[in-house]
Amino acid sequence: HAAEANRTDLMTITRFVLNEQSKYPESRGDFTILLSNIVLGCKFVCTAVNKGEEQKKLDVLSNDVFVKALISSGRTCILVSEEDEQATFVEPSKRGRYAVVFDPLDGSSNIDCGVSIGTIFGIYMVKDSIEPTLDEVLQPGKNMLAAGYCMYGSSCTFVLSTGAGVNGFTLDPSLGEFILTHPDIKIPKKGKIYSVNEGNAKNWDGPTAKYVERCKFPKDGSSPKSLRYIGSMVADVHRTLLYGGIFLYPADKKSPNGKLRVLYEVFPMSFLMEQAGGQAFTGKQRALDLVPNDIHERSPIFLGSYEDVEEVKALYAAEDKK
Ligand code: P6P
């Protein structure tokens, strides 16, 4: 009977978030309304990706869907999208208390070959929703209220943290609902996988080169780590979250700030990693402590299992002492 009872006890993402929000007596359901609009956008993109729409159209389509869904939610006042050079300031009559930063379709260059891609987002509560300024989103990632991603792969998986751990939901196409399938995700303390674009090795700095060398030729006689690199951040991070290990996009001589964007790639993934018991480091500091100066700023990033990132931090600390 238990299985039968469970079958009808549908823990949808909306119900899950309502439960979580009920812990905040002052919450008026605004966050739940905001999130349900993000979820709506993800369902639309999931369908469009599976229809095999071509990449260029999908990039624009997904951005339009998220911008319109977020504005019509009446709960946002600033939007920052990877697709738009300028931030969007929502018209006064539709303004709400949240700022949302997002990459509507990260890794979209991989669409045509069927590799998993995803939407990544982060949510800040604004201080002044009447006359909001860019300062509301030039905040360290530790100030985010929530962050998550939706991965469009063999199944459509939504991973979310609202600051009380990480939970994963899988889209049930027959219901059109995201159902809780991965409650309370915790990343293994140490992993057996490293994930980096080895093609950039020529340009890496000392500590990164040393760390990758150790992954391949461990000094302590342990077995080498396996290399897994999909080249789609959501897919590489999702595997790291579930299996453990480390994902790195380091600085290199050509790109001193690395490639990944702070607001809508580095911060949301770092937020999730810390909430799952892992950590995220920029090569200089805790990633979530970084204060961005520009909405499309980049940063190097090392994120994943706590102990694996500790090793990177030790190598950079030793370098600083030289
Ligand atoms: P590279 C995809 O273009 C992306 O923004 C991330 O999704 C991914 O992690 C990274 O770039 C891959 O970059 O230089 O290894 O191809």
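Residues numbered from 1 in each chain as written. Predicted model: local features only at pLDDT ≥ 70, side-chain atom pairs only at ≥ 80, totals over all residues. Heavy atoms only, no water.

1. Digging into the packing of helix H5 (residues 206-216) against helix H8 (residues 306-321)
At a minimum axis separation of 9 Å, H5 and H8 run at an interaxial angle of 140 degrees. By the criterion of interaxial angle, the relationship of H5 to H8 is oblique. Handedness of the H5/H8 crossing: right-handed. Across the interface between the two elements, Pro207, Thr208, Lys210, Tyr211 and Arg214 of H5 pack against Asp308, Glu311, Val312, Leu315, Tyr316 and Glu319 of H8. (Axes fitted to C-alpha atoms, helices over the stretch in contact; angles between N-to-C directions. Helix = DSSP H or I, 4+ residues; strand = E, 2+ residues; numbered from the N terminus. Parallel < 35°, antiparallel > 145°, perpendicular 65-115°, else oblique. Left-handed = near helix turned anticlockwise from the far one by under 90°. Contact = heavy atoms within 4.5 Å.)

2. Here's the deal with the site of the ligand
Asp106, Gly107, Asn197, Tyr229, Gly231, Ser232, Met233, Phe247, Tyr249, Lys259 and Glu265 make up every residue found near the ligand. Between the ligand and the protein, one listed contact pairs an oxygen atom with a side-chain N or O atom of Tyr229 at 2.6 Å. In isolation the ligand has 400 Å² of accessible area, and contact with the protein removes 79% of it. Given that more than half its atoms are within 2 Å of the pocket grid, the ligand belongs to the largest pocket. In terms of residue class, the shell around the ligand is built from four nonpolar, four polar and three charged. (Near = heavy atom within 4 Å. Polar contact = N/O pair within 3.5 Å; in protein donor to acceptor, adjacent residues only side chain to side chain. Areas by Shrake-Rupley, 256 points an atom, 1.4 Å probe, with all protein chains shown as cover. 1 Å grid on protein atoms, 1.4 Å probe; cavity = no way out; pocket = protein on both sides within 12 Å on 5 of 7 lines; lining within 4 Å. Sits in = over half its atoms within 2 Å of the grid points. Nonpolar A, V, L, I, M, F, W, Y, C, P; charged D, E, K, R; others polar.)

3. Re the sheet that holds strand E2 (residues 88-89)
If you walk across this open sheet you meet the eight strands as E2-E1-E3-E4-E5-E6-E7-E8, and the pairing is mixed. At either margin of the open sheet sits one strand with a lone partner, and together these are E2 and strand E8 (177-182). When strand E7 (residues 167-172) meets E8, the two strands line up antiparallel, connected through five bridges. Directly across from Asp172, in E8, lies its bridge partner Glu177. (Pairing = 2+ DSSP bridges.)

4. Brief notes about the side chain of Asn167
Topologically, Asn167 is positioned in strand E7. The class for Asn167 is buried, based on a relative accessible area of 7%. Of the polar contacts made by the side chain of Asn167, one reaches the backbone nitrogen of Asp184; its length is 2.7 Å. Apart from the residues lying within four places of it in its own chain, the contact partners of Asn167 are Phe16, Phe158, Val159, Leu160, Leu180, His182, Pro183, Asp184 and Ile185. (Buried < 20%, exposed > 50% of the residue type's maximum accessible area, 1.4 Å probe, protein only.)

5. A word on H5
For H5, the complete set of buried residues consists of Pro207, Thr208, Tyr211, Val212 and Cys215. Axial view of H5: buried residues confined to an arc of 130 degrees, hence all on one face. The opening residue of H5, the one whose side-chain oxygen lies 3.0 Å from the backbone nitrogen of Thr208, is Asp205. (Arc of directions from axis to C-beta.)

6. A short note on the packing of aromatic side chains
For the structure shown, the criterion picks out eight aromatic pairs. Aromatic ring contacts, followed pair by pair, group Phe121, Phe158 and Phe178 into a single cluster. (Phe/Tyr/Trp six-rings, centres within 6.5 Å; stacked < 30°, edge-to-face > 60°.)

7. Points about the layout of surface pockets
As a volume, the largest pocket reaches approximately 440 Å³. Residue lining of the largest pocket: 23 residues in total, with Asp106, Gly107, Lys259, Leu260 and Glu265 positioned closest to the centre. Sort the elements by how many residues they give to the lining of the largest pocket and strand E3 (residues 95-106) lands first, with three residues. Broken down by class, the residue content of the lining of the largest pocket amounts to six nonpolar, seven polar and ten charged. (Points joined across faces, edges and corners; volume = space filled by probe spheres on them.)

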